[in-house]
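The lines below spell out each chain.
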Amino acid sequence: MRRIIGLVIAVATLTASTAWAHCDGLDGPVVAAARKALESRNVDLVLVWVQEADEPLIREAFDSTLAVRALGPSAQSLADRYFFETLVRVHRAGEGAPYTGLKPAGRDLGPALPAADLALETGSLDSTLALLTGLIEHGIEEHFADALALREHAGHNVAAGRAYVRAYVEFIHYVEGIYLATQKAAGEHPGDAPPTGHQHGD
């Protein structure tokens, strides 16, 4: 099971570890919404990022931030940071994800997250689909070729048989990991994959 979960994270979601942290960045969507909300004095722009039960907390933090911002540039900077941190922390708690502080802007998030964001901005999935299908096809073909080549010699001796079994297990888990990722309900985090009937090499 651990191997399957690892494949779901590494292959099907590509940058799952950064996906969890995507909203933690100072250049991420949550902080971007917070900046717009503060500038326009419209708290609704950030309430969409938190659970309904957390609205009072965010409204209070928003009002406090606006009040402190009026005291001057230095106070504004500190107040904004406080609001960003509060909003991101509450947002992630609502997702069931840990909060480890705001991350700097300009981090390398890998190719998948920027591609997904670009797809929403442009209204086209073309580049995202090309990226994902290309990587998945390459991975499946590579594991398949390895297993197929070793299968031809699997009966020669025990060592050859074990080499084939290792390649077989990796191929099967790779394919199943991708399948499980496609079955994952929207909103689930990587690693929350449903149980599977395959137990090869767990």
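The rules we used
- Residues numbered from 1 in each chain as written.
- Predicted model: local features only at pLDDT ≥ 70, side-chain atom pairs only at ≥ 80, totals over all residues.
- Heavy atoms only, no water.
- Helix = DSSP H or I, 4+ residues; strand = E, 2+ residues; numbered from the N terminus.
- Buried < 20%, exposed > 50% of the residue type's maximum accessible area, 1.4 Å probe, protein only.
- Contact = heavy atoms within 4.5 Å.
- pLDDT = per-residue confidence, 0-100.
- Salt bridge = Lys/Arg side-chain N within 4 Å of Asp/Glu carboxyl O.
- Polar contact = N/O pair within 3.5 Å; in protein donor to acceptor, adjacent residues only side chain to side chain.
- Phe/Tyr/Trp six-rings, centres within 6.5 Å; stacked < 30°, edge-to-face > 60°.
- Expected span 1.5 Å × (residues − 1).

### A few points about the environment of F171
Thought 1: Within the secondary structure, F171 is located in helix α9 (residues 158-183).
Thought 2: Look at F171 and you get buried, because its relative accessible area is 18%.
Thought 3: Taking the C-alpha atoms as reference points, F171 and A145, separated by 26 residues in sequence, lie 9.3 Å from one another.
Thought 4: Ignoring anything within four residues of it in the chain, the contact list for F171 reads I140, H143, F144 and A147.

### Describing the confidence of the model for the protein
Where the model shows low pLDDT, its predicted coordinates should not be examined in detail.
Thought 1: Per-residue pLDDT for the protein has a mean of 84; in total, 81% of the residues score no lower than 70.
Thought 2: The spread of mean pLDDT over the elements of the protein runs between helix α1 (residues 2-12), the lowest at 42, and helix α5 (residues 55-69), the highest at 97.
Thought 3: Low confidence marks residues 1-17, where pLDDT is under 50. Its contacts with residues over four positions away, or in another chain, come to 42 contacts.
Thought 4: Low pLDDT (under 50) marks residues 189-197, which in the prediction has 16 contacts with non-local residues, meaning those over four places away or in another chain.

### Some thoughts on the pattern of salt bridges
Thought 1: Using the criterion set out here, one finds six salt bridges in the structure.
Thought 2: Between R69 and E39 there is a salt bridge; the shortest N-O distance is 2.9 Å. Note that R69 is positioned in helix α5 and E39 in helix α3 (residues 29-40), a separation of 30 residues in sequence.
Thought 3: Judged by relative accessible area, which is 14%, R69 ranks as buried.
Thought 4: One salt bridge in this structure joins E85 and R81, with 3.2 Å as the shortest N-O distance. On the criterion of helical spacing, the pair formed by E85 and R81 is a turn pair, its members being four residues apart in helix α6 (residues 73-95).
Thought 5: Residue E85 is classed as partly exposed on the basis of its relative accessible area of 30%.
Thought 6: Among the residues examined, R81 registers a relative accessible area of 35% and is labelled partly exposed.
Thought 7: In this structure, a network of salt bridges that share partners links the residues D24, R92 and K103.

### Considering unusual backbone geometry
Thought 1: At R41, a residue that is not glycine, the phi angle is positive and equals roughly 60°.
Thought 2: Here R41 shows up in the loop between α3 and α4 (44-47).

### Digging into the side chain of T128
Thought 1: Considering the arrangement of structural elements, one finds T128 in helix α8 (residues 126-151).
Thought 2: Under the relative-accessibility criterion, T128 is labelled buried at 9%.
Thought 3: A distance of 2.9 Å separates a polar atom in the side chain of T128 from the backbone oxygen of A115.
Thought 4: Not counting chain neighbours up to four residues away, the residues in contact with T128 comprise A115, A116 and A119.

### Thoughts on the packing of aromatic side chains
Thought 1: All chains considered together, the criterion is met by three aromatic pairs.
Thought 2: Relative to F171, the ring of F144 lies with its centre 5.7 Å away and its plane at 55°, an arrangement referred to as tilted. Within this pair, whereas F144 is found in helix α8, its partner F171 is found in helix α9, the two being separated by 27 residues in sequence.

### Looking at α6
Thought 1: End to end, α6 covers 33 Å across 23 residues, agreeing with the expected 33 Å (1.5 Å per residue, within 8%).
Thought 2: Every buried residue belonging to α6 is among A75, A79, D80, F83, F84, T86, L87, V88, V90, H91 and R92, and all of these are buried.
Thought 3: Two residues or fewer past α6, G96 is found with a positive phi of approximately 75°.

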